[in-house]
Amino acid sequence: MKNTSLEAIWMQIAMASCLILTMGSIVYPLLYLLGSEKSDGILIAATGIVLVSSFGIEKLLNYLIYEQTLLSVFGNIDTSVLLVAGTLLIGITIFVTSFIFSITIYNRKEF
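What you see is a predicted model; the values in this text were computed from it and never measured.

**What about the overall build of the protein?**
Each helix and strand counted, the protein has four helices and zero strands in total. Helices and strands appear in the protein in the N-to-C order α-α-α-α. Taking all 111 residues of the protein together, 24% fall into the buried category. Taking the intrachain contacts of the protein between residues at least 6 apart in sequence as the baseline, contacts between residues at least 24 apart amount to 68%. For the protein, the accessible surface area stands at approximately 7900 Å², while carbon and sulfur atoms represent 70% of it.

If you want it as structure tokens, here you go:
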């Protein structure tokens, strides 16, 4: 069995959690907006958007942490901790924004 570092495991868990939160943040309001009849199309479109956005999130975090001297601000903190925290923070922020948007759609919808 190959030895995997704990940092790599945490990064995979954080990225997967961010992808799940991003997927939910796309699907949840669209189901209210377009209806459950179009759920298959919504899921397919959301999967494509999440795959593309995952590369963007990773590039954004790498840019902020490694190239924008964020390391000098956080000095002694390990970069993997910053990557994990940043990934989870982005996922949670996107999901909370989506939840607020979903509540707005639900309140405006006439049943």
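Next comes the rest of the description.
**Comments concerning helix α4 (residues 79-108)**
If you check α4, its first and last C-alpha atoms are 44 Å apart, about what 30 residues at 1.5 Å a residue would give, namely 44 Å. Within the span of α4, buried status applies to S80, L82, L83, V84, G86, T87, I90, G91, S98, S102 and I105.

**Some details on the nonpolar core**
Among the nonpolar cores identified, the biggest contains seven residues, and these are C18, I57, L61, I65, L82, L83 and I90. The residues contacting I90, other than those within four sequence positions of it, are I57, L60 and L61.

**Here's the deal with helix α2 (residues 39-67)**
For α2, spanning 29 residues, the distance from its first C-alpha to its last is 40 Å, which sits close to the expected 42 Å at 1.5 Å a residue. Where α2 is concerned, the buried positions are I42, A46, V50, S54, I57, L61 and I65.

**So, the side chain of T87**
Mapped onto the fold, T87 is located in helix α4. With relative accessibility at 0%, the residue T87 sits in the buried group. The contacts of T87, once residues within four sequence positions are left out, are M11, A14, M15, C18 and L61.

**Describing a nonpolar patch on the surface**
The grouping of Y28, L88, I92, V96, F99, I100 and I103 at the surface amounts to a nonpolar patch, some 580 Å² of accessible area in total. Given a relative accessible area of 33%, Y28 falls into the partly exposed group.

**Some points on the environment of G91**
Inspection of the secondary structure assignment puts G91 in helix α4. Each C-alpha atom of the pair G91 and L21 lies 5.5 Å from the other, and the pair is 70 residues apart in sequence. When sequence neighbours within four positions are dropped, the list of residues in contact with G91 reads C18 and L21.

**Quick look at the packing of helix α1 (residues 6-34) against α4**
The geometry of α1 relative to α4 is characterised by a closest axis approach of 9 Å and an angle of 10° between their N-to-C directions. As the angle between them shows, α1 and α4 are arranged roughly parallel. Here the residues of the contact of α1 with α4 sort into 20 nonpolar, nine polar and one charged.

**Notes on the packing of aromatic side chains**
Throughout the structure, instances matching the rule amount to three aromatic pairs. Ring geometry for Y28 against Y32: centres 5.4 Å apart, planes inclined by 70°, an arrangement best described as edge-to-face. In this pair, Y28 and Y32 are both assigned in helix α1, four residues apart and thus about one turn of the helix distant. Of the residues examined, Y32 reaches a relative accessible area of 27% and is grouped as partly exposed. Three or more aromatic residues joined by ring pairs form one cluster here, namely Y28, Y32, F99 and Y106.

What counts as what
Residues numbered from 1 in each chain as written. Predicted model: local features only at pLDDT ≥ 70, side-chain atom pairs only at ≥ 80, totals over all residues. Heavy atoms only, no water. Helix = DSSP H or I, 4+ residues; strand = E, 2+ residues; numbered from the N terminus. Buried < 20%, exposed > 50% of the residue type's maximum accessible area, 1.4 Å probe, protein only. Contact = heavy atoms within 4.5 Å. Areas by Shrake-Rupley, 256 points an atom, 1.4 Å probe, with all protein chains shown as cover. Expected span 1.5 Å × (residues − 1). Core = buried A, V, L, I, M, F, W, Y, C linked by side-chain atoms within 4.5 Å. Patch = residues over 30% accessible without salt bridge, like charges linked within 9 Å, V, L, I, M, F, W, Y side chains within 5 Å. Salt bridge = Lys/Arg side-chain N within 4 Å of Asp/Glu carboxyl O. Axes fitted to C-alpha atoms, helices over the stretch in contact; angles between N-to-C directions. Parallel < 35°, antiparallel > 145°, perpendicular 65-115°, else oblique. Nonpolar A, V, L, I, M, F, W, Y, C, P; charged D, E, K, R; others polar. Phe/Tyr/Trp six-rings, centres within 6.5 Å; stacked < 30°, edge-to-face > 60°.

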